Amino acid sequence: MAARLGLGPVPAFDVTSGCSGFLYGLGVASSMITGGAFDRVLLIASDVFSAFLDPRDWLMAAIFGDGAGAVVLRAGEVGAPGALGPFDLGSDGTQADLLEIPGGGARARKRQLAEPGAVFSPHFRMDGPVVRKQAAVGMCDSVTRAVERAGWRLGDLDLVAAHQANQRILDGLTAELGLAPGQVLSHIEQYGNTGAASVPVLLAQAAAAGTLSPGLRVALTAYGAGLAWGSTTLVWPEVRAVAEGG
């Protein structure tokens, strides 16, 4: 990406954290900026689920979509509009098998060496009912911690931009946080679950539509494969949003 954008020999690397990748990426980029290493960071979140879905599994194919979103972060003043609040990041690797590609990555090669002749699926699989129950509660707990670290209360929130796992999870998150319908943004009916891209795409669309306006207090949150989760807060700044594909 850096080469295609003509950015020269700038540092460039991947952060792999499934559906919570954008929140983890924000945490890494924010630390680099506040630590004085860089003044500006381009953060891109993208997932191409169509490459890993079983075309015969109509249920999974109906849930997931491909997408990409990006933000530019820059150094600024603490507490200014757009400044990211404290982060809440976490993981639980004991439940990694709830969302996985059994035949993907280095672990699959290790499995094949241990079990010659065994065949492992190259398609993404998920234990939907278990993940659904955990995701709403997990994002609620993470948002609550991030809000408290920011010195806010849940009642101070105007909007929540959450990972678009499915509408039931978003409805559950709304109820768990005690928010009104519509305060947890949603575009899943049109775009499905676009993984790490869901939060930045959602932000771009909401800002372009005027739903997300300067001065609103916003929480960002995601929960997914790993299992991994993350949340942070910000007061929405005056920025130009660009949204495509809809």
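Within every chain, residues take consecutive numbers counted from 1 along the sequence as written. Since the coordinates come from a predicted model, pLDDT governs what is reported: local features require at least 70, and pairs of side-chain atoms require 80 or more to be given and counted, while whole-chain, interface and lining totals use all residues. Side-chain numbers come from the whole structure's heavy atoms, not from hydrogens or water.

K.L.:
Just to check I follow, could you spell out the side chain of Thr-233 for this structure?
P.N.:
Mapped onto the fold, Thr-233 is located in strand S8 (residues 228-235). Only protein chains enter the accessibility calculation, which uses a 1.4 Å probe; a residue is then buried when its area is under 20% of its type maximum, exposed when over 50%, and partly exposed in between. Looking at Thr-233, the relative accessible area reads 2%, which means it is buried. The criterion used for residue contact is that any of the two residues' heavy atoms lie within 4.5 Å. Thr-233 has contacts with Ala-83, Leu-84, Gly-85, Pro-86, Ala-146, Val-147, Ala-150, Trp-152, Val-218 and Ala-219, leaving out every residue within four places of it along the chain. For helices the rule is a DSSP run of H or I covering at least 4 residues; for strands it is a run of E covering at least 2, with both sets numbered from the N terminus onward.

K.L.:
Looking at this model, I keep getting lost on the sheet that holds S8. Mind explaining?
P.N.:
Two orientations exist for strands paired in a sheet by backbone hydrogen bonds: parallel and antiparallel. When DSSP finds two or more bridges between a pair of strands, those strands are recorded as paired. In space, the 4 strands of this open sheet follow the order S3-S8-S7-S6, with mixed pairing throughout. The sheet is open, and its two edges are formed by strand S3 (88-91) and strand S6 (159-162), each paired on a single side. Between one strand and the next, the sheet's axes are offset by a mean angle of 15 degrees, whatever the strand orientation. The pairing of S3 with S8 spans 4 bridges and is classified as antiparallel. Bridge pairing in S8 links Asp-88 to Ser-231. To get an axis, fit a line to the C-alpha atoms, keeping to the stretch in contact for a helix; angles then go from 0 to 180 degrees between the N-to-C directions. Along the sheet, helix H1 (residues 21-34) contacts S3, strand S7 (217-224) and S8; its crossing angle with S8, the most-contacted strand, is approximately 60 degrees.

K.L.:
Honestly, the packing of aromatic side chains in this entry has me stumped. Any pointers?
P.N.:
We describe a pair of aromatic rings using the distance from one ring centre to the other and the angle between the two ring planes. Between rings of Phe, Tyr and Trp, where Trp is taken as its six-membered ring, a pair exists when centres lie within 6.5 Å; planes separated by under 30 degrees are stacked, by over 60 edge-to-face, and by other angles tilted. Applying the stated criterion to the full structure yields 1 aromatic pair. Between Tyr-223 and Trp-229, the ring centres sit 5.8 Å apart and the planes meet at 10 degrees, which makes this aromatic pair stacked. Across the pair, Trp-229 and Tyr-223 agree in class, each one buried.

K.L.:
Whenever I open this one, the pattern of salt bridges confuses me. Can you help?
P.N.:
Two side chains carrying opposite charge are able to pair once their charged atoms lie near each other. Definition used for salt bridges: Asp or Glu carboxyl oxygen within 4 Å of a side-chain nitrogen of Lys or Arg. Using the criterion set out here, one finds 5 salt bridges in the structure. Two residues, Arg-145 and Asp-88, come together in a salt bridge whose shortest N-O distance is 2.8 Å. Residue Arg-145 is located in helix H4 (residues 128-149), and its partner Asp-88 is located in strand S3; the two are separated by 57 residues in the primary sequence. Since its relative accessible area comes to 30%, Arg-145 is described here as partly exposed. Among the salt bridges present, the one from Arg-217 reaches Asp-156, with a minimum N-O distance of 3.7 Å. Of the two residues, Arg-217 sits in strand S7 while Asp-156 sits in the loop between H4 and S6, which places them 61 residues apart along the sequence. Under the relative-accessibility criterion, Arg-217 is labelled partly exposed at 31%. Residue class for Asp-156 comes out partly exposed when judged on its relative accessible area of 23%.

K.L.:
Would you mind going over H1 with me for this structure?
P.N.:
One turn of the α-helix equals 3.6 residues, which is why residues spaced by three or four share an orientation. Spanning 14 residues, H1 covers 20 Å between terminal C-alpha atoms, matching the ideal 20 Å at 1.5 Å per step. Listed as buried for H1 are Gly-21, Phe-22, Leu-23, Gly-25, Leu-26, Gly-27, Ala-29, Ser-30 and Ile-33. Elements that come into contact with the buried residues of H1 comprise strand S1 (40-47), strand S2 (67-74), S3, helix H7 (198-209), S7 and S8. Downstream of H1 by one or two residues, Gly-36 has phi in the positive range, about 90 degrees. Any helix carries an expected span of 1.5 Å times its number of residues minus one.

Purely spatial values, then, with no claim about function.
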